[in-house]
Amino acid sequence: MLPRGSRGPLPPLLLVWALAACAARASEITFELPDNAKQCFYEEIAQGTKCTLEFQVITGGHYDVDCRLEDPDGLVLYKEMKKQYDSFTFTASRNGTYKFCFSNEFSTFTHKTVYFDFQVGEDPPLFPSENRVTALTQMESACVSIHEALKSVIDYQTHFRLREAQGRSRAEDLNTRVAYWSIGEAIILLVVSIGQVFLLKSFFSDKRTTTTRVGS
Amino acid sequence: LALYFHIGEREEKCIIEDIPSDTLLVGNYKVQRWDIHIHDFLESAPGLGMFVTVTSPTGEVLLSKLYGPQGTFTFTSYISGEHIICFQSNSTRFAVIAGSKLRIHLDIRVGEHFLDESAIRAKDKVNEVNIRLEHLIEQIHHVTREQDYEREREEKFRKTSEETNSNILWWAIVQTLILISVGIWQIKSLRDFFISKKLV
C-alpha cells in the first residue's frame, strides 16, 4: 500500500493522519558518498516514538560504510564501522534532533552509494477505532489485510532491488577486472618472452667481442 | 518536512532514484541559510532559491528549474533507470565566508497517487471504499511496474555474469596459445642463433 519514498501521510489515511497525534514518516534516500567524506542527516523526533534506521551500501569498494546514530544529547545510540547492511530500531527517550552519519573516511579513492531508510513512528491504523460504533466490516478488514500485505510486498521489493543492485555492481566490477588483467597478462607474457630471447642473444654477442680482444 | 542535512553554499548535492518508467516522483524541500549573527538558521532568507536538476538515465535533463526557498517539484520518468536529482542554491556568495552553510529539508515520494479529495468527504461508505479500492489498484500497478523493471535489471545482471564467464574462458585460451607459440619461437630462435654462432 505504501509507495516508495517518504511514505507518510499515506493517501488513504489523509484524514486519519490529520487526526492522529503521532505522525508516521519514512524517508529513504540513495546518495553517493565520496571518498574521505562524511554525510549527516538530522531528524526531529518526539519522545516515545519508535524509530528504525536501515542502511545498505549498494556500490563501491568493499561495499562497507561507517554508521553512527546520536541522540540530542550527543549520546551514541548506534555505532558500527565498515558495515555492509544493518537495521537498528530504537525508541526515542527524549524530544529533540537525532543525528545519524555515514562516513567513508577510511576509504582513499572509492565512492560509495549508500541507501538508507529512516522510519519514524508506527503507521496509524487504517480505520481508526475512536469513533466507531460497530466492529470493522468485512470490506474494511479485507482492506486492512491487503494494506498489511502490500506493505510487506513493498518492503521485500526494496530489499530485493538493493541486493540485486549490489550483486550487479560486483559482477560489473569483476567483468572489467577480468578483461583488464587478461589483456595485461597477455602483453606482459609477450614482452617478457621476446625480451628474454633478445637478452640471451645479447649475452653471447658481448662474450664474442671480449674473446676477440683477448685473442689479439 | 522532517529529515534535513547540511551543505555548503555553492555545493551541489545529488540523490539517486532508481525507478521504473511512467512513475511519478514528487519532491518537497525547504532550504534555510545559516546566519552568523544569530547563530541559527534563518526561517526564510530573502532571494534564496534552489536549482533543481533532474537527469534521466540516458543523461538527458528532464527538469532544470529555479525554485524559491521552499517548493515542490515533480516529474514523470520516461525510461526505467537511475534518475539523479541535484540541488544547488543560487547563492552568489562565496563559501569563503566561514561557517556559511545551508540546511535542506527533503521529502521525496515515488509512485504516489494523490487520493481524490472526494474520498475524504464521502459520506457514503460504499463510495469511500470504492475510491480506496481504486487507489489500491493503482498502487498494485506500481508494484507490477517495479517488478517488470526488476526483471530487466536481473537480465542485465545475468548477461554481465555470462560475459565474465566467457571472457575468462576466451582469455585463458588466448594466453595458453600465446604461451605455447612464444615458447616454440623462443626455442627455435635460440637454436638458430647458437647454430649461427657455431656453439652447437
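Criteria and thresholds
- Residues numbered from 1 in each chain as written.
- Chains lettered and ligands numbered in written order.
- Predicted model: local features only at pLDDT ≥ 70, side-chain atom pairs only at ≥ 80, totals over all residues.
- Heavy atoms only, no water.
- Salt bridge = Lys/Arg side-chain N within 4 Å of Asp/Glu carboxyl O.
- Helix = DSSP H or I, 4+ residues; strand = E, 2+ residues; numbered from the N terminus.
- Buried < 20%, exposed > 50% of the residue type's maximum accessible area, 1.4 Å probe, protein only.
- Domains from an automatic or database assignment.
- Contact = heavy atoms within 4.5 Å.
- Buried area = accessible area lost by both parts, 1.4 Å probe.
- Pairing = 2+ DSSP bridges.
- Axes fitted to C-alpha atoms, helices over the stretch in contact; angles between N-to-C directions.
- Core = buried A, V, L, I, M, F, W, Y, C linked by side-chain atoms within 4.5 Å.
- Disulfide = S-S within 2.5 Å.
- UniProt positions renumbered as here; feature names shortened; annotations may be inferred.

How should I be thinking about the pattern of salt bridges in this particular structure?
Two side chains with opposite charge may pair up if their charged atoms get near one another. Residue and element names in this part refer to chain A. Applying the stated criterion across every chain, the model contains 12 salt bridges over all chains. Where D73 meets R94, a salt bridge forms, and the shortest distance between an N and an O atom there is 2.4 Å. Residue D73 is located in the loop between β4 (65-70) and β5 (76-83), and its partner R94 is located in the loop between β6 (85-91) and β7 (96-103); the two are separated by 21 residues in the primary sequence. With relative accessibility at 54%, the residue D73 sits in the exposed group.

For this particular structure, what's the right way to read the domain arrangement of chain A?
How big an interface is tends to be stated in terms of the accessible area lost upon association of its parts. Residues and elements named next belong to chain A. Domain boundaries in chain A define domain 1 (24-122) and domain 2 (139-202). Computed from C-alpha coordinates alone, the two centres of domain 1 and domain 2 are separated by 25 Å. With 11 residues of domain 1 in contact, the opposing surface of domain 2 contributes 10 residues. For the pair domain 1 and domain 2, the summed buried surface comes to about 950 Å²; carbon and sulfur atoms form 43% of the total.

Hey, could you run me through the pairing of strand β8 (residues 81-89) of chain B in this one?
Two faces, one strand: in a regular strand the side chains alternate between the faces of the sheet. For strand β2 (residues 12-19) of chain B and β8(B), the ladder comprises 8 bridges, and the chain directions are antiparallel. Paired with I16(B) across the strands is I84(B), a residue of β8(B).

Which parts of the structure should I look at to understand the sheet that holds strand β5 (residues 50-55) of chain B?
In any sheet, the strands associate via hydrogen bonds between backbone groups, in a parallel or an antiparallel arrangement. Here 8 strands make up an open sheet; going across it, the order is β6(A)-β3(A)-β8(A)-β1(A)-β2(B)-β8(B)-β5(B)-β6(B) and the pairing antiparallel. Sheet topology places β6 of chain A together with β6 (61-67) of chain B at the edges, where each strand pairs with a single neighbour. When strand polarity is set aside, the average angle formed by the axes of neighbouring strands in this sheet is 20 degrees. In this structure, β5(B) lies alongside β6(B), joined through 6 bridges in antiparallel fashion. Among the inter-strand pairings, M50(B) is bridged to a residue of β6(B), identified as Y67(B).

Looking at this structure, how should I read the nonpolar core?
Nonpolar side chains in soluble globular proteins tend to be buried together. Grouped together as the largest cluster of nonpolar side chains are 48 residues, with contacts concentrated most on F102(A), F116(A), F73(B) and I85(B). The leading source of residues in this core is strand β9 (residues 101-110) of chain B, at 5 residues. In this view, F116(A) contacts S27(A), E28(A), I29(A), F31(A), F41(A), L53(A), E54(A), F55(A), F100(A), F102(A) and L3(B); residues no more than four positions away in its chain are not counted. The next biggest cluster of nonpolar side chains, apart from the first, holds 5 residues, and it includes A186(A), W171(B), V174(B) and I178(B).

Would you explain the environment of E146(B) in this entry?
With respect to the helices and strands, the residue E146(B) is situated in helix α2 (residues 125-196). For the pair E146(B) and P46(B), spaced 100 residues apart in the sequence, the C-alpha separation amounts to 41 Å.

Even after reading the chapter, I still don't get the state of the cysteines, so can you show me in this structure?
What is meant by a disulfide is a covalent connection between two cysteines, made through their sulfur atoms. Going through the model one piece at a time under the given rule, you end up with 2 disulfides over all chains. Each sulfur in the disulfide pair C40(A) and C101(A) lies 2.1 Å from the other. Classification of the bridge connecting C40(A) and C101(A) rests on its S-S torsion, roughly 105 degrees, and on that basis the disulfide is right-handed. Here C40(A) is found in strand β2 (residues 38-45), whereas its partner C101(A) is found in strand β7, with 61 residues between them in sequence. Across the pair, exposure class does not vary: C40(A) and C101(A) are buried alike. Here C14(B) engages in a disulfide with C86(B); their sulfurs sit 2.1 Å apart.

Help me out: how do you make sense of the UniProt feature "domain: GOLD" (unreviewed entry) in chain A in this one?
Using the residue numbers shown here, the UniProt feature "domain: GOLD" (unreviewed entry) corresponds to residues 38-120 of chain A. The distance from the first to the last C-alpha atom of residues 38-120 of chain A is 23 Å, and the span holds 0% helix and 67% strand.

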